[in-house]
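Read off the chains here:
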Amino acid sequence: MQYPVNEIFETLQGEGFYTGVPAVFLRLQGCPVGCAWCDTKHTWHCDPELKVDAEQVIGVSGDKGHWSQWPLSALVAHLTSGQYTARQLVITGGEPCLYDLTPLTEAMSEAGWQCQIETSGCFQVRCDANTWVTVSPKEGMKGGLAIQPQALTRANEIKYPVATEQHIDNLKALLATLPDGATPVVALQPISQRPRATKLCIEQCIANNWRLSAQVHKYLQID
Ligand code: SF4
């Protein structure tokens, strides 16, 4: 098994349930979802001309569209080498669920790490049972992909991007499709920290007993 890696770096998780927890971020390359507001558009394609050596993706890549193909064994060896203090691995993208994350999450769980996946929900989620799955549903995007029921059912957390009241209505419609017994954490995330969106999210979190995901890393100006 191999994974196309855009960057690996240690920071604080800035979003969702684990906000504030030190974590190693593993950003995988590739995403066909096509969100207009995407802040990682450089991860959309695995351009053969931008393929680099493994060590070049260690650290923050900024907006570089480069990537390196890492074998599973090398990736696990790097993550567990002792150079990181965090024991939380955030697998993000791009769209990480383009890839089978089962062997990676199994290996990291066995090494004592908590894994977390951040996905659009447009692909089946393949991971071990201990992994925390955050689905941030991306509906009606340019890629024309639909939300996968399996991804919603597997979600431990639904982190919904919000700009307008229509997004709240869409979220409620989505939650109504969850199977009986599914009780994911629900968090609202204001799109691009817009003041109006933030105000709407605060009001709706209080009204519905949901959480606010404020993307604190952007306010703290950290990666
Ligand atoms: S799913 Fe994520 S990486 Fe893909 S286009 Fe949307 S915001 Fe960007």
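Residues numbered from 1 in each chain as written. Predicted model: local features only at pLDDT ≥ 70, side-chain atom pairs only at ≥ 80, totals over all residues. Heavy atoms only, no water.

Caption draft 1: Summary view of the overall build of the protein. Check the secondary structure of the protein and you find six helices and nine strands. When the backbone C-alpha atoms are referred to their principal axes, the protein occupies close to 45 × 35 × 35 Å. The buried share of the protein, taken over its 223 residues, is 51%. Considering only residue pairs separated by 6 or more positions, the protein has 62% of its internal contacts joining residues 24 or more positions apart. Where the 16 positive side-chain charges of the protein centre and where its 22 negative ones centre are 6 Å apart. (Helix = DSSP H or I, 4+ residues; strand = E, 2+ residues; numbered from the N terminus. Buried < 20%, exposed > 50% of the residue type's maximum accessible area, 1.4 Å probe, protein only. Contact = heavy atoms within 4.5 Å. Lys, Arg positive; Asp, Glu negative; His and termini not counted. Charge placed at Lys NZ, Arg CZ, Asp CG, Glu CD.)

Caption draft 2: Local environment of the UniProt feature "binding site: Mg(2+)" (unreviewed entry) in the protein. Mapped onto the present numbering, the UniProt feature "binding site: Mg(2+)" (unreviewed entry) falls at Thr40. Position of Thr40 relative to the elements: it lies in the loop between strand E2 (22–28) and strand E3 (68–71). Setting aside its immediate chain neighbours within four residues, Thr40 contacts Arg27, Gly93 and Gly94. (UniProt positions renumbered as here; feature names shortened; annotations may be inferred.)

Caption draft 3: Inspection of the packing of helix H4 (residues 165–175) against helix H5 (residues 195–208) at higher detail. With their axes 10 Å apart at the nearest point, H4 and H5 run at an angle of 35° to one another. The two elements H4 and H5 cross, and the hand of that crossing is right-handed. Here H4 contributes Glu165, Ile168 and Lys172 to the contact with H5, which in turn contributes Arg196, Leu200, Gln204 and Asn208. In terms of residue class, the contact of H4 with H5 is made up of two nonpolar, two polar and three charged. (Axes fitted to C-alpha atoms, helices over the stretch in contact; angles between N-to-C directions. Left-handed = near helix turned anticlockwise from the far one by under 90°. Nonpolar A, V, L, I, M, F, W, Y, C, P; charged D, E, K, R; others polar.)

Caption draft 4: View of the layout of surface pockets. Computed from the structure, the largest pocket encloses a volume of approximately 950 Å³. If you trace the largest pocket, you find 41 residues lining it, with Glu15, Arg27, Asp39, Thr40 and Gly93 closest to the centre. Elements represented by at least two residues in the lining of the largest pocket include exactly strand E1 (2–12), E2, strand E5 (114–119), strand E7 (157–162), strand E8 (185–190) and helix H6 (216–220). The element contributing the most residues to the lining of the largest pocket is E1, with four residues. Grouping the amino acids of the lining of the largest pocket by side-chain chemistry returns 13 nonpolar, 18 polar and ten charged. (1 Å grid on protein atoms, 1.4 Å probe; cavity = no way out; pocket = protein on both sides within 12 Å on 5 of 7 lines; lining within 4 Å. Points joined across faces, edges and corners; volume = space filled by probe spheres on them.)

Caption draft 5: Here's a closer look at the packing of aromatic side chains. Taken as a whole and judged by the stated rule, the model has four aromatic pairs. Ring centres 5.6 Å apart and planes at 15° place the aromatic pair Phe9 and Phe25 in the stacked group. Taken together, the residues Phe9 in strand E1 and Phe25 in strand E2 connect sequence positions 16 residues apart. Both residues of the pair, Phe9 and Phe25, count as buried. When the ring of Tyr18 is compared with that of Trp132, the centres are 5.5 Å apart and the planes differ by 80°; the resulting orientation is edge-to-face. Taken together, the positions of Tyr18 in the loop between E1 and E2 and Trp132 in strand E6 (residues 132–135) put the pair 114 residues apart, joining distant regions of the chain. A single burial state applies to Tyr18 and to Trp132, both of which are buried. Among the aromatic residues, ring-to-ring pairing joins Phe17, Tyr18 and Trp132 into one connected group. (Phe/Tyr/Trp six-rings, centres within 6.5 Å; stacked < 30°, edge-to-face > 60°.)

Caption draft 6: Up close: the site of the ligand. Taken together, Cys31, Val33, Gly34, Cys35, Cys38, Thr40, Trp44, Gly94 and Ser120 make up the full set of residues near the ligand. Counted by class, the shell around the ligand contains five nonpolar, four polar and no charged residues. (Near = heavy atom within 4 Å.)

Caption draft 7: Examining a nonpolar patch on the surface more closely. A grouping of Leu12, Leu220 and Ile222 is seen on the molecular surface, where their side chains present a nonpolar patch of about 240 Å² in accessible area. Within the fold, Leu220 resides in helix H6. Residue Leu220 is classed as exposed on the basis of its relative accessible area of 53%. (Patch = residues over 30% accessible without salt bridge, like charges linked within 9 Å, V, L, I, M, F, W, Y side chains within 5 Å. Areas by Shrake-Rupley, 256 points an atom, 1.4 Å probe, with all protein chains shown as cover. Salt bridge = Lys/Arg side-chain N within 4 Å of Asp/Glu carboxyl O.)

Caption draft 8: Focus on the state of the cysteines. In the structure shown here, the tally under the stated rule is zero disulfides. In this structure Cys46 is a free cysteine whose sulfur lies 11 Å from that of Cys31, the closest cysteine sulfur available. Residue Cys205 stays outside any disulfide, its sulfur separated by 6.2 Å from that of Cys201, the closest cysteine. Overall, Cys205 belongs to the buried group, its relative accessible area being 8%. (Disulfide = S-S within 2.5 Å.)

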